[in-house]
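Breakdown of the fold
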Amino acid sequence: MENIRAQSQGGIQALLAAEQEAQQIVASARNGDASFAVNWLEQETEAKIQNLKNASAAVSQDIVSMIMKHTVLATIPHSFRILSVLMADFLHLPKNGSSNEVVILHGDLELWILEAHSLPNMDLASERMRRCFSIFGGCTCTSTMQREDHNGGYKTITSDPYVSVCVAGATVAQTRVISNCENPKWDEHFQVPVAHPVSSIEFQVKDNDILGAELIGVVIVPVQKIMTGERISGWFPVVGPNGNLMKSSPELHLSVQFTPVNSTPANKDGEGSLAEHWTVNAYFPLRNCGKVTLYQDAHVPDGFLPEIPLDGGKVFQNNKCWEDICHAILEAHHLVYIVGWSVFHKVKLVREPTKPLPNGGELNLGDLLKFKSQEGVRVAMLIWDDKTSHDKFLLKTVVGTLFTHHQKCVIVDSQASGGKRKITAFVGGLDLCDGRYDTPEHRLFCNLEDIFANDYHNPTFPVGAQSPRQPWHDLHCKIEGPAAYDVLTNFEQRWRKATKWKQRFQKVTHWHDDVLIRLDRMSWILKPSSVTPGDDSDFQVSEEDDSENWHVQVFRSIDSGSVKGFPKLVHEAEAQVYKL
């Protein structure tokens, strides 16, 4: 190898000078003009690859191997950097020569993110800064940082990589973080339903840090390459955030396969198998024999919306969301749990009643919850956008993290058959706060002194304005049956995460001193069995062959940073799914 390097000294300067030209080649390739790059490669290789022009959209592994075997290119490290970017661009060019063509990707996207190698150390700068400002250490300029661990040894400080998969700007999958590793192995598998207008799929390799993630580089797979349904697999060069070259030549090992919607099992096998095939491998499984009540806006006046015919001669009934929530809170015997981005205690839930209100229904939300608490009902709230969510350092302490959670849930116990109680959950897009009460009429100037009194919200206009109101249109639902307990589990996990610091300094001596109700201590409240997955007959609110039967699966975009008990490893998560 040394002899070859010595013989190649004459070509080194030429290749170094050609780097600027190579950058122009990359730019030309990205703009769809691959001919200049192809000609340059042909001139620099003795192999004279005749079919490279036709294969510029998908350079085969054989062609890549032939180029890598060329004496000059294979023996000069600088040329490796040029070649890696060129190959990345050639591999990512669609067949029609345009990398920006947008197509509708509708179907199932299956992803395997296996491993990466030679990732750069992104923590050198932050570690040096930490030491500079630390009273216990000084600045250092060494290329390798080490920190003492709890066992008295030392560990290298380097990147904490993970991979996010983005489709049309939306993150649809994300691996776990592997700490202090430049050659991470994730070996994770994702199956993602998609319906997005996209030109490419981005695999963003990031470094997790205290102050947020830092982008290491990106692998881009053009959508044309996966539209055929063939599985694309291999090692892909990781290109820097600005398309720049990285000295370590990092690569990502992944596989991608797309199944068009008309070829998915659910569509191919017919409607009878929809429930089975549309089950997504998520934390909460599909629950059978449930009931879902759908809501539009906080309130819908009787007869205001056109009738929607259903099968069997039935007509869809437009229900009253906030009125139903108010009645559910009033009828709760043991618990009222609320999750919200914002909760305003002065808001009134029922303003245009369509049925008699029980005692307390005329109260605003704050007084209503106080009223139920005085009755002995356990009332607990998780709020993000509220003064009670801030401490003196302006950190969000109620939810326990710095993330904005937009979960909006009301969970109560309600009447079940046989004199027992069951869990009912309201989930959707409506916060119980100011400005959210609206109807399909969207009255902007009317009823400001009665229906919308003391409930003006319109950030477009200056403080002190009284009209027009900002209209608010959103959807909500009520879940009854086994899936309602998954919503309860989500609240309990978030609550335990949010209160973990308080519980460390406060010993709970009696079970009734804990805020959360222990369902296992109350035989009259239906609760999931540790043996069955929660779909036994006690929890079912409809029959399997009933036209009103719902199959419900609860999804959430959340991780162990926001909930307690959420598995951090993929294999633990899969095992947890099978237990539920």
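Residues numbered from 1 in each chain as written. Predicted model: local features only at pLDDT ≥ 70, side-chain atom pairs only at ≥ 80, totals over all residues. Heavy atoms only, no water.

Before going further, it helps to spend a moment on the overall build of the protein chain. What the protein chain contains, in helices and strands, is 14 helices and 17 strands. Relative to its full complement of 580 residues, the protein chain shows a buried share of 44%. In the protein chain, of all internal contacts separated by at least 6 residues, the share reaching a separation of at least 24 is 68%. (Helix = DSSP H or I, 4+ residues; strand = E, 2+ residues; numbered from the N terminus. Buried < 20%, exposed > 50% of the residue type's maximum accessible area, 1.4 Å probe, protein only. Contact = heavy atoms within 4.5 Å.)

Here we come to the packing of aromatic side chains. Taken as a whole, this structure holds six aromatic pairs when the rule is applied. Pairing Tyr283 with Phe284 gives two aromatic rings, centres 4.9 Å apart and planes at 85°, and the pair type is edge-to-face. With 5.8 Å between their ring centres and 55° between their planes, Trp322 and Tyr437 make a pair best called tilted. Taken as a pair, Trp322 in helix H10 (residues 321–330) and Tyr437 in the loop between strand S15 (421–428) and strand S16 (475–480) lie far apart in primary sequence, 115 residues in all. With a relative accessible area of 1%, Tyr437 lands in the buried category. Directly above the aromatic system of Trp472 lies the positively charged group of Arg436, at a separation of 3.8 Å from the ring centroid. Sitting over the face of the ring of Tyr283, Arg556 holds its NZ or CZ atom 4.6 Å from the ring centroid. (Phe/Tyr/Trp six-rings, centres within 6.5 Å; stacked < 30°, edge-to-face > 60°. Lys NZ or Arg CZ within 6 Å of the ring centre and 35° of its normal.)

An order of S5-S4-S7-S8 is seen for the four strands of this open sheet, with the pairing classed as antiparallel. Single-partner strands in this sheet number two, and they are strand S5 (170–174) and strand S8 (214–222). Neighbouring strand axes in the sheet, compared pairwise and without regard to direction, differ in orientation by 30° on average. The pairing of strand S4 (residues 161–167) with strand S7 (residues 200–207) spans seven bridges and is classified as antiparallel. Residue Val167 lies in a different strand from S7, and its bridge partner there is Ile201. (Pairing = 2+ DSSP bridges. Axes fitted to C-alpha atoms, helices over the stretch in contact; angles between N-to-C directions.)

With that settled, the discussion passes to the sheet that holds strand S11 (residues 287–296). With respect to topology, seven strands assemble into an open sheet ordered S13-S12-S14-S15-S16-S11-S17, the strand pairing being mixed. On the outer flanks of this sheet lie strand S13 (378–383) and strand S17 (550–552), each paired with one strand and no other. Strand-to-strand twist of the sheet, defined as the mean angle between neighbouring strand axes without regard to direction, takes the value 30°. When strand S14 (residues 409–415) meets S15, the two strands line up antiparallel, connected through seven bridges. Within the sheet, the bridge partner assigned to Val412 lies in S15 and is Thr424. The strands that helix H12 (residues 482–498) touches are S11, strand S12 (335–340), S13, S14, S15, S16 and S17; relative to S15, the one it contacts most, it runs at about 75°.

A few words on the pairing of S16. Taken across its six residues, S16 has five buried, putting it largely inside the fold. With six bridges connecting them, S11 and S16 associate as antiparallel partners. Note that in S16 the partner of Val292 across the bridge is Ile479. Pairing of S15 with S16 involves five bridges; the strand directions are antiparallel. Each bridged residue has a counterpart across the sheet, and for Thr424 the counterpart in S16 is Glu480.

With that settled, the discussion passes to the environment of Ile178. Within the element layout of this structure, Ile178 appears in the loop between S5 and strand S6 (185–198). Overall, Ile178 belongs to the buried group, its relative accessible area being 17%. Counting along the chain gives 30 residues from Ile178 to Asn208, while the straight-line C-alpha distance between them is 8.9 Å.

Together, Glu543, Glu544, Asp545 and Asp546 make up a region of like negative charge exposed at the surface. If you trace the backbone, Asp546 turns up in the loop between helix H13 (500–505) and S17. According to the relative accessible area criterion, Asp546 is partly exposed, its value standing at 33%. (Patch = residues over 30% accessible without salt bridge, like charges linked within 9 Å, V, L, I, M, F, W, Y side chains within 5 Å. Areas by Shrake-Rupley, 256 points an atom, 1.4 Å probe, with all protein chains shown as cover. Salt bridge = Lys/Arg side-chain N within 4 Å of Asp/Glu carboxyl O. Lys, Arg positive; Asp, Glu negative; His and termini not counted. Charge placed at Lys NZ, Arg CZ, Asp CG, Glu CD.)

This brings us to the confidence of the model for the protein chain. Here the protein chain averages 76 in pLDDT, and 65% of its residues register 70 or above. Low pLDDT (under 50) marks residues 137–144, which in the prediction has 12 contacts with non-local residues, meaning those over four places away or in another chain. For the stretch residues 386–402, pLDDT sits under 50, and the model shows 29 contacts to residues farther than four places along the chain or on other chains. (pLDDT = per-residue confidence, 0-100.)

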